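In case you want the letters, here they are:
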Amino acid sequence: MFTVTGSFDDGATYTVQITGRADRPVIGSYRAAALVELHQGETINLSPTGPRVAVAGDDDASVLAVLREYTNVLEESGPVPRRPRVPGS
């Protein structure tokens, strides 16, 4: 599992593990889990230059992208999240 530590805009901190499971994409913070759930199905950039993918609970890279976009990620550790195959690449 991949571990992410960060903070929300109000200064509250979190540490979560990205599970890669569609039914429970992150564990460790109800607030971070709700954030990921809120953005499921939306498209998001995996990096500042793309590609854009739909946020899915079983896609580690898109879950991490949500945390990077909407919170201040301070530390990431563990195996690198898998990248989805982008059609046409």
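Scroll up to find the structure.
It should be emphasised that the depicted structure is a prediction, and the values quoted were computed from it without experimental measurement.

1. Brief notes about the overall build of the protein
Thought 1: The helix and strand tally for the protein stands at two helices and six strands.
Thought 2: Along the protein, helices and strands appear, N-terminal first, in the series β-β-β-α-β-β-α-β.
Thought 3: Among the 89 residues that make up the protein, the fraction classed as buried is 37%.
Thought 4: Long-range contacts, defined as pairs at least 24 residues apart, comprise 42% of the intrachain contacts of the protein with a sequence gap of at least 6.
Thought 5: Surface accessibility of the protein: about 5,300 Å² in total, with carbon and sulfur atoms responsible for 50%.

2. A few points about the pairing of strand β2 (residues 13-18)
Thought 1: The side-chain alternation of β2 yields one buried face, formed by Y14, V16 and I18, and one unburied face, formed by T13, T15 and Q17.
Thought 2: Looking at chain direction, strand β1 (residues 2-7) and β2 are connected through six bridges and run antiparallel. Note on β2: the bridge partner recorded for V4 is V16.
Thought 3: From the end of β1 to the start of β2, which pair antiparallel, there are five residues, and G11 there has a positive phi angle of about 95°.
Thought 4: Both β2 and strand β3 (residues 26-27) contribute to a ladder of two bridges, which runs antiparallel. Within β3, the residue paired with I18 across the bridge is V26.

3. Digging into the pattern of salt bridges
Thought 1: On inspection of all chains with the given rule, the structure shows three salt bridges.
Thought 2: Here D10 makes a salt bridge to R31, at a shortest N to O gap of 3.0 Å. Linking D10 in the loop between β1 and β2 with R31 in helix α1 (residues 30-39), this pair joins segments that are 21 residues apart in sequence.

Conventions adopted
Residues numbered from 1 in each chain as written. Predicted model: local features only at pLDDT ≥ 70, side-chain atom pairs only at ≥ 80, totals over all residues. Heavy atoms only, no water. Helix = DSSP H or I, 4+ residues; strand = E, 2+ residues; numbered from the N terminus. Buried < 20%, exposed > 50% of the residue type's maximum accessible area, 1.4 Å probe, protein only. Contact = heavy atoms within 4.5 Å. Areas by Shrake-Rupley, 256 points an atom, 1.4 Å probe, with all protein chains shown as cover. Pairing = 2+ DSSP bridges. Salt bridge = Lys/Arg side-chain N within 4 Å of Asp/Glu carboxyl O.

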